[in-house]
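# A structural walkthrough
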Amino acid sequence: MDKAAREHGLMYAPDPSSYEISTIGGNLATNAGGLRCVKYGVTRDSALGLEVVLADGRVLNTGRRTMKGVTGYDLTGLFVGSEGTLGVITAATVRLRRAPAAPPATFAADFSSLRDAGAAVSAIMAAGCQPSLMELLDRATLQAIDEWRNIGLEPGTQAMLIGQSDAADSQAAVERMERICTENGASFVAVSSSPQEADELIGLRRLAYGAKERQGACLVEDVCVPRSALAEMIGRIEAAAERHGVRIATVAHAGDGNLHPVFIFEHGTVEPPPEVWAAADEVFKDALELGGTLTGEHGVGLLKRRWLELESGPVAGELQRGIKAVFDPSASSIPARRSDRGQLDLAFTKP
């Protein structure tokens with residue numbers, strides 16, 4: 001969609017890493033974010049109206065063409081991110097924005113510690129730089145990319161921060177972010193001098209998942225914490241990996257604290273092994289302990305349902321089941337399963 005919009009001087013702001021294969025319907029269902037969400041928000045922020053088929057076959061149209069409108073509840077916002085539980089979205093009207101007049105500029109900064117990289121993210125946001133993209137790759141991710149594409153990874157590099165500006169003064173904005181990275185301990189910073197170089201730096205980020213898939217089967221997860229807790233959360237993910245003997249490689253939409261820890265295990269394994277789920281359980285609980293959420297954009301689905309009540313609590317759970325019953329009265333409520341010990345059951349449910 002973005003490619004078609006660009007032909008008319010416009011852009012569709014959401015930019016998932018999997019943009020070549022992901023669909024608008026899937027993005028609407030999970031309220032996906034993507035690389036540009038730090039500036040432009042998530043899919044819900046670009047959804048103006050929907051056509052939805054309800055469980056009984058009725059067709060509902062939501063949204064309006066006016067700039068403002070507060071009549072009734074926000075049904076468009078309710079359906080975006082509902083993961084198909086309230087109805088099937090069959091059409092959508094989305095917001096297009098004017099494409100930036102100048103080509104974006106990009107930087108990539110190497111850090112010898114995750115804490116320094118996290119400090120740089122906080123400083124960039126506090127300085128009002130307004131990046132259009134701010135991505136963090138941990139060492140495990142960089143090693144996977146280096147093994148695949150030989151990017152010349154230095155032994156001391158523990159994290160890479162990739163940022164971009166699409167402002168009118170994009171080059172000056174990125175040079176300002178470069179200085180902030182250097183002030184916060186970056187060992188090396190590369191700044192693009194052409195659109196081609198900008199695309200090459202962003203391309204490193206887009207290689208992340210493919211590089212991990214080459215190493216094994218992947219359980220791709222998604223948690224979100226306050227930006228100030230980003231480095232702490234990555235540290236906890238690494239500790240969980242070591243404690244359970246599991247390989248975890250993490251990338252993050254650093255500008256909004258959204259992390260994607262990817263649990264890598266042996267190819268051909270039908271289900272993630274128990275140690276992967278034990279590590280994932282720790283990661284989810286750590287995110288909540290740090291004031292975060294179980295998912296920033298991938299959704300809950302069947303896979304994460306068993307952890308949902310830990311975040312939402314019984315009152316919110318009851319209200320959400322009530323909303324579901326309004327749209328589909330025949331649906332039975334499905335409570336989270338619990339073990340005899342009162343803990344959330346970690347048995348794997350295939351999504």
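The paragraphs below set out a description of the structure included in this document.

Cut-off values and rules
- Residues numbered from 1 in each chain as written.
- Predicted model: local features only at pLDDT ≥ 70, side-chain atom pairs only at ≥ 80, totals over all residues.
- Heavy atoms only, no water.
- Helix = DSSP H or I, 4+ residues; strand = E, 2+ residues; numbered from the N terminus.
- Rg over C-alpha atoms; globule rule 2.2 N^0.38 Å.
- Buried < 20%, exposed > 50% of the residue type's maximum accessible area, 1.4 Å probe, protein only.
- Contact = heavy atoms within 4.5 Å.
- Lys, Arg positive; Asp, Glu negative; His and termini not counted.
- Charge placed at Lys NZ, Arg CZ, Asp CG, Glu CD.
- Salt bridge = Lys/Arg side-chain N within 4 Å of Asp/Glu carboxyl O.

Further remarks concern the overall build of the protein. On a plain count of helices and strands, the protein comes out with 12 helices and 13 strands. For the protein, the C-alpha radius of gyration of 21 Å lies close to 20 Å, the compact-globule estimate for 351 residues. Buried positions account for 44% of the 351 residues belonging to the protein. In the protein, the proportion of contacts linking residues at least 24 apart, taken out of those at least 6 apart, comes to 74%. Side-chain charges in the protein split into 35 positive and 45 negative, and the spacing between the mean points of these groups amounts to 6 Å.

In this section: the environment of G235. Along the chain, the position of G235 falls in helix α10 (residues 230-244). Judged by relative accessible area, G235 falls into the partly exposed class, the value being 31%. For the pair G235 and R115, spaced 120 residues apart in sequence, the C-alpha separation works out to 8.8 Å.

Under the defined criterion, the tally for this structure stands at 15 salt bridges. One salt bridge connects D281 with K285, and the closest N-O pair in it is separated by 3.2 Å. In this pair, D281 and K285 are both assigned in helix α11 (residues 274-289), four residues apart and thus about one turn of the helix distant. Exposure remark for K285: the relative accessible area of 36% places this residue in the partly exposed category. One network of salt bridges, with partners in common, ties together D2, R6, D15, R36 and R206.

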